[in-house]
Structures are given as structure tokens and as C-alpha cells.
Amino acid sequence: MARHTKEEALATRNRLLDAAELLFQAQGVSQTSLQQIAQQAGATRGAIYWHFKDKADLFNAMMERVTLPLEAAARSTGPVRDDPLEEIERGLLVALKLMTTDPQVRRVFEVATHKVEYTHDMQSVQQRHLGARDACVTDFEQALRHAARRQHIRLAIPAAAAAQGLHALVSGLIQNWLLDPSAFDLVQVGKRTFEVYVNGLGFGHRPDAIEILPEKLSMVA
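Residues numbered from 1 in each chain as written. Predicted model: local features only at pLDDT ≥ 70, side-chain atom pairs only at ≥ 80, totals over all residues. Heavy atoms only, no water.

A word on the overall build of the protein
Logical step 1: Helices and strands together make up the secondary structure of the protein, namely eleven helices and zero strands.
Logical step 2: Seen in sequence order, the protein has helices and strands lined up from the N terminus as α-α-α-α-α-α-α-α-α-α-α.
Logical step 3: When the 221 residues of the protein are sorted by exposure, 42% land in the buried category.
Logical step 4: Total accessible area computed for the protein in this model is approximately 11,700 Å², and 51% of it derives from carbon and sulfur atoms. (Helix = DSSP H or I, 4+ residues; strand = E, 2+ residues; numbered from the N terminus. Buried < 20%, exposed > 50% of the residue type's maximum accessible area, 1.4 Å probe, protein only. Areas by Shrake-Rupley, 256 points an atom, 1.4 Å probe, with all protein chains shown as cover.)

Structure, rendered in C-alpha cells:
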């Protein structure tokens, strides 16, 4: 009986998170009340407070159910190996393909970037966002430093600034694509933009750069 109760509780929690995703995307986080989420999920307001401390806690739980694109890129990059630029590029292709193929990832990313206001009550959400960004930028910086040492070049700008720029470039592409997914091919444009960016940093033409072929993308997915 206890197992059945735990299963029911987990099912209710997931329904609440599903409802929050849909409502946050449709009307924004600040305009969505906990009561609306409960009603959408077919649950009571009390059920929300059983599972979550407040809206910010619910929001963070919603975020934890998916791996967002730039988090996926950082994880795919992993420790810097023999070709750090290839590792970065491979991770970015994973991120961009994830964005274009997983509806839940797309929905949660849209909520996290376009539908949330960092009010006092949502400070923990802002901290989570900043933490993920900083971790990704740090990974990029380490990889770019290693790549510069490996190729015996001096970067056009400091590695820390280059990493910030790369993160802004990729996140900006994703956010603009979300506004109109039919406007451009996110994976193709992302790859070409990355190549231009690293060339501008001083790495020059990379004959071994990853080609965008179906079999290649399946390897990095």
C-alpha cells in the first residue's frame, strides 16, 4: 500500500510539473498562479505545497527534469582532450540538435529565457541560471586556452572574453531561433557561425572540422 501511495504522489508531482511547463510557456511565470497550476493538473493547491515550497521551488524542479542545450554542450565537451576545438564543436552540435528535436527541452528553454522575470521571489531561479552560465563559460575558456597552447597561437582577445562571447553567440542564436524556428536551420547556422568565430580568434581554417551529416549527428546525440 505504501508503494502505491508513493507512486501516486510521484504521478501527482509530475502532473504538476507538466502543467507548470505548459502554463509558464503560454502566459509567463509571473502571470501563472499556483492555483492555476493545480487546476490544470487536476490537483489541489495543497498538493503543490506538499511537493514544493513555493513557485521558485516548483520552477527549479521543472528545470531539473531536462538537460538544457548549453548544459548538454558542457557535459559533452567534458575533459579537454587532443583537439579541444573539436570537443567544443561536438558539444555545440549536441546542444543545437537537442534544441531542434526535443519538444520538452525547447519548451523549458523558452520558459527559462523568455517567460521568467527575476523578481525577489525568484532569486533562486536567477542563481541557478547564473550558475549554469558560469559553468559553461568556464568550460569554454579552458578549452580555448588549451587549443591556443596546442596550436601555438595568441588569441585575438583574452580567453575569458572569448568564452563569454562564444556563450553569448550560441545562446543568442537559440533564443532568436525560438522566436521563429522556420527562419533558419539552427544546426547549420550554428556550425558555420562557430567556425567563423574561432577563425576570428586566430585559429584559422580547420580542415578537420566536423561536417554536418546525419550519421555524424547521430554519433554526437
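Structural notes on the pattern of salt bridges
Logical step 1: According to the stated counting rule, one finds nine salt bridges in the structure shown.
Logical step 2: The partner of Glu21 in a salt bridge is Arg65, with the nearest N and O atoms 2.8 Å apart. Placement of the pair is Glu21 in helix α1 (residues 2-27) and Arg65 in the loop between α4 (55-64) and α5 (69-77), with a sequence separation of 44 residues.
Logical step 3: Between Glu86 and Arg90 there is a salt bridge; the shortest N-O distance is 2.7 Å. Separated by four residues within a single helix, Glu86 and Arg90 lie in helix α6 (residues 84-101), roughly one turn from each other.
Logical step 4: Judged by its relative accessible area of 23%, Glu86 is partly exposed.
Logical step 5: A single salt-bridge network, built from bridges that share partners, covers Asp18, Glu21, Arg65 and Arg107. (Salt bridge = Lys/Arg side-chain N within 4 Å of Asp/Glu carboxyl O.)

Some words on the nonpolar core
Logical step 1: Judged by nonpolar contacts, the single largest core of 58 residues is most densely connected at Phe24, Ile37, Leu58, Phe59, Ile88 and Phe203.
Logical step 2: Among the secondary structure elements, those contributing two or more residues to this core are α1, α2 (34-41), α4, α6, α7 (103-114), α8 (123-151), α9 (159-179) and α10 (186-203).
Logical step 3: The element that contributes the greatest number of residues to this core is α9, accounting for nine residues. (Core = buried A, V, L, I, M, F, W, Y, C linked by side-chain atoms within 4.5 Å.)

As for the side chain of Thr12
Logical step 1: Along the polypeptide, Thr12 turns up in helix α1.
Logical step 2: Its relative accessible area of 17% is what places Thr12 among the buried residues.
Logical step 3: Non-local contacts of Thr12, meaning those with residues more than four positions away in its chain, are made with Ala43, Ala47 and His51. (Contact = heavy atoms within 4.5 Å.)

Let's talk about the packing of α4 against α8
Logical step 1: At their nearest, the axes of α4 and α8 sit 8 Å apart, and the two run at 30° to each other. If you check the angle between α4 and α8, you find them roughly parallel. Contacts between α4 and α8 involve Ala56, Phe59, Asn60, Met63 and Glu64 from the former and Ser124, Val125 and Arg128 from the latter.
Logical step 2: Residues belonging to the contact of α4 with α8 are distributed by class as follows: four nonpolar, two polar and two charged. (Axes fitted to C-alpha atoms, helices over the stretch in contact; angles between N-to-C directions. Parallel < 35°, antiparallel > 145°, perpendicular 65-115°, else oblique. Nonpolar A, V, L, I, M, F, W, Y, C, P; charged D, E, K, R; others polar.)

Overview of the confidence of the model for the protein
Logical step 1: In this model, the protein carries an average pLDDT of 84, and 83% of its residues clear a pLDDT of 70 or more.
Logical step 2: Scored below 50 in pLDDT, residues 212-221 makes 14 contacts in the model with residues more than four places away or belonging to other chains. (pLDDT = per-residue confidence, 0-100.)

Focus: the environment of Leu22
Logical step 1: If you trace the backbone, Leu22 turns up in helix α1.
Logical step 2: C-alpha of Leu22 to C-alpha of Arg107: the two residues are 85 residues apart in sequence and 8.0 Å apart in space.
Logical step 3: Excluding anything up to four places from it in sequence, Leu22 contacts Gln40 and Arg107.

Structural notes on the packing of α4 against α7
Logical step 1: Their axes nearest at 10 Å, the elements α4 and α7 cross at an angle of 140°. By the angle between their directions, the pair α4 and α7 is classed as oblique. Two packed elements cross with a definite hand, and for α4 against α7 that hand is left-handed. Contacts between α4 and α7 involve Phe59, Met62 and Met63 from the first element and Val108, Val111 and Ala112 from the second. (Left-handed = near helix turned anticlockwise from the far one by under 90°.)

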